[in-house]
Amino acid sequence: MSSVMSGFIERENPALFSEIVGSVAAASPEAVDKVVRWADAEQRIWATRPLPDRLVALTRASAAIENAIEDLAELLARESGKVLGDCRGEIGFAVRYLRWVVEHATMAYADREVDDELGRIVEQRRPFGVVAAITPWNAPIILSMLKIAPALAAGNAIVVKPSPLAPLTIDRIAGLFDAPIRVVHGGTETGAALVGHELVRKVAFTGGAAGGRAVAALAGDRLTPTVMELGGNDPAVFLDDAPFAGDAMDRLVMASFATSGQVCMAAKRLYVPLARLDEFVSAYRSAAGRVLKTGHPLSAGVTMGPVISAAAQRAARALIPPDAVLLGAFDADPSTGYFVHPALVVAPDPSSPVVVEEQFAPVVPVLGYESEEQVLTWANAGDLGLGASVWSADEERAFAFARRFEAGFTFVNTHNRTGMSLRAPFGGVKRSGWGREYAGEGLAEYVQTCVIHAPAAFRPGAVAPSGGPSAYPPG
Ligand code: NAD
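All of these numbers come straight from a predicted model, not from anything done at the bench. (Residues numbered from 1 in each chain as written. Predicted model: local features only at pLDDT ≥ 70, side-chain atom pairs only at ≥ 80, totals over all residues. Heavy atoms only, no water.)

What about the environment of threonine 135?
Put simply, the rule reads: The numbering of helices and of strands both runs from the N terminus, where a helix is a DSSP run of H or I of at least 4 residues and a strand a run of E of at least 2. Burial classes: relative accessible area under 20% of the type maximum marks a residue as buried, over 50% as exposed, and values in between as partly exposed (1.4 Å probe, protein chains only). Residues count as neighbours in contact if any of their non-hydrogen atoms are within 4.5 Å of one another.
Examined against the element boundaries, threonine 135 turns out to sit in the loop between strand E6 (130–134) and helix H5 (140–153). Residue threonine 135 is classed as buried on the basis of its relative accessible area, which comes to 4%. Residues threonine 135 and valine 160, spaced 25 residues apart in sequence, show a C-alpha to C-alpha distance of 7.5 Å. The contact partners of threonine 135, leaving out residues within four places of it in the chain, are Leu143, Ser144, Lys147, Val160, Lys161, Pro162, Ser163 and Thr206.

Written out as structure tokens, the structure is:
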């Protein structure tokens, strides 16, 4: 756990819980108020700086983060239990995303003007003011950067409230910006003080349904617009022609077990043709033997670390039945860190918790299906519709199947992690989210469009329209 001790949050290392990695000051509601008022004043100055100047500041921040990447990655590994390579990957991805925003901000945020026979119209892209970002612990850098980069580029100030389970690295990264950004630390009380603040004009939340519901209600009370990115219970469906090839299986295993399965878009339910279930289990087990090694996140060759907390360790163990297939190499001591042996649960009851709920743990069910209609019904069941994947030797068939998934983002022949393009917006359907991150849609979340319009008929020197001043429609 992370603990709050006399105004400080101490963060332990989940791989070695006797080690305190660091601590940060917890923000009281009064401290949050001070920070938001500071951000509001700074935002007014920041928004008057020309867009190219703001982008120069963001480019400098990207270089500063990149220069510090080794130290930052190690800190992230120690506070979150994610393996070092994944931490490096996450921070590197955040730097790439920040640069992508710089590259696309001019097009996204420039005013647009038309002056023609209908009149003159200026569409102005205006920042909201102070943005509140509430973020989870499982990918604290990229999930914060998806909000920080577009919010600042658009001329907003931003106050980030990370999870108390991973507060340290994002705190350090925020300090590398010469821009109106601050981090406030704490749990729900701090988050509520931030979201409900009268000067916060936009809320961007990533996390689970319960937190999302509470944050959306607080924001709704003030009519503050929100971006919500919630949980997922992603299905991965193998069509009957899909090869269980080595590299595909390797990708699939890591799509389920990277970050110990604690990824919103992890492959959380696997579906294969019933007649091929045994073949699949054997191929999957072999792949896990090649790519999955549980151990200390800083040790070479380790691909999976511990889960985040004692509660997460207990919850994960409760999902693993005695006959589960244990996977990969296990070189860890569960009595000194929150380690869980990764497991495949073969053919569980389709209504069991490991299938119908987001497990957020290194345990994955595989079920055999008899027809495409049946598997589609299973895959689309439930409230969450974040990601999905379909695997087939025939890309046309895969795309046709994918169109029937109720998911915000469907991968073909991979799942999450590998090869994701920044051009593609990301976000769920059903209750997994509203709002979008990445791509143009993610940029558009941080501005409001205001219009200045001089209709042609009423411009100086124009002839007034027949019908008088109430003539409607104007065109
Ligand atoms: P969480 O909802 O418990 O916490 C997320 C953030 O919200 C934290 O900063 C937390 O302190 C804050 N928070 C929670 N309740 C609050 C309240 N009542 N008032 C104000 N702030 C509150 O989520 P978590 O356990 O940190 O993360 C795991 C969940 O996040 C999973 O469901 C996962 O799928 C989801 N997730 C979604 C995405 C996505 O992009 N859709 C990405 C990563 C994680």
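Here's the deal with the sheet that holds strand E23 (residues 447–455)
To be explicit about the condition: Strand pairing follows a simple DSSP-based rule, namely that at least 2 bridges must link the two strands. For helices, the fitted line uses only the C-alpha atoms of the stretch in contact; every axis is such a line through C-alpha atoms, and the angle between N-to-C directions lies from 0 to 180 degrees.
Reading across from one edge, E4-E5-E23 is the order of the three strands in this open sheet, with antiparallel pairing throughout. A single partner strand is all that each edge strand has here, and the edge strands are strand E4 (112–116) and E23. Taking the axes of each pair of neighbouring strands and ignoring which way they run, one obtains an average angle of 10 degrees across the sheet. With nine bridges connecting them, strand E5 (residues 119–127) and E23 associate as antiparallel partners. Across the sheet, glycine 119 pairs through a bridge with proline 455, a residue of E23.

Brief notes about the pattern of salt bridges
Note the cut-off: What counts as a salt bridge is simple: a side-chain nitrogen of Lys or Arg found within 4 Å of a carboxyl oxygen of Asp or Glu.
Evaluated as defined, the whole model comprises 23 salt bridges. For arginine 88, the salt bridge goes to glutamate 70, with nearest N and O atoms at 3.0 Å. Remark: glutamate 70 occurs in helix H3 (residues 69–80) and arginine 88 occurs in helix H4 (residues 84–109); sequence separation between them is 18 residues. You can call arginine 88 partly exposed: its relative accessible area is 33%. Accessibility expressed as a relative area gives 43% for glutamate 70, which makes it partly exposed.

So, the site of the ligand
Put simply, the rule reads: For each residue, the test is whether any non-hydrogen atom lies within 4 Å of the molecule or strand; if one does, the residue is near. Polar contact is defined as a pair of N or O atoms within 3.5 Å, subject to the rule that within protein one atom must be able to donate a hydrogen and the other to accept it, and that residues adjacent in sequence are counted only when both atoms are side-chain atoms. Surface accessibility follows the Shrake-Rupley procedure with a 1.4 Å probe radius. Residue values consider only the protein chains on display as shielding. The domain boundaries here were taken from an automatic or database domain assignment.
Around the ligand, 29 residues are found, and the nearest of them are Thr135, Lys161, Gly208, Leu230 and Glu358. Within the backbone of glycine 208, an N or O atom sits 2.8 Å from an oxygen atom of the ligand. Alone, the ligand offers 850 Å² of accessible surface; in the complex the protein occludes 85% of this. Sorting the residues of the shell around the ligand by element identifies helix H7 (188–195), strand E9 (200–206) and helix H8 (209–221) as the ones contributing at least two each. Here the shell around the ligand spans two domains, since at least three of its residues come from each of domain 1 (2–229 + 445–452) and domain 2 (234–412).

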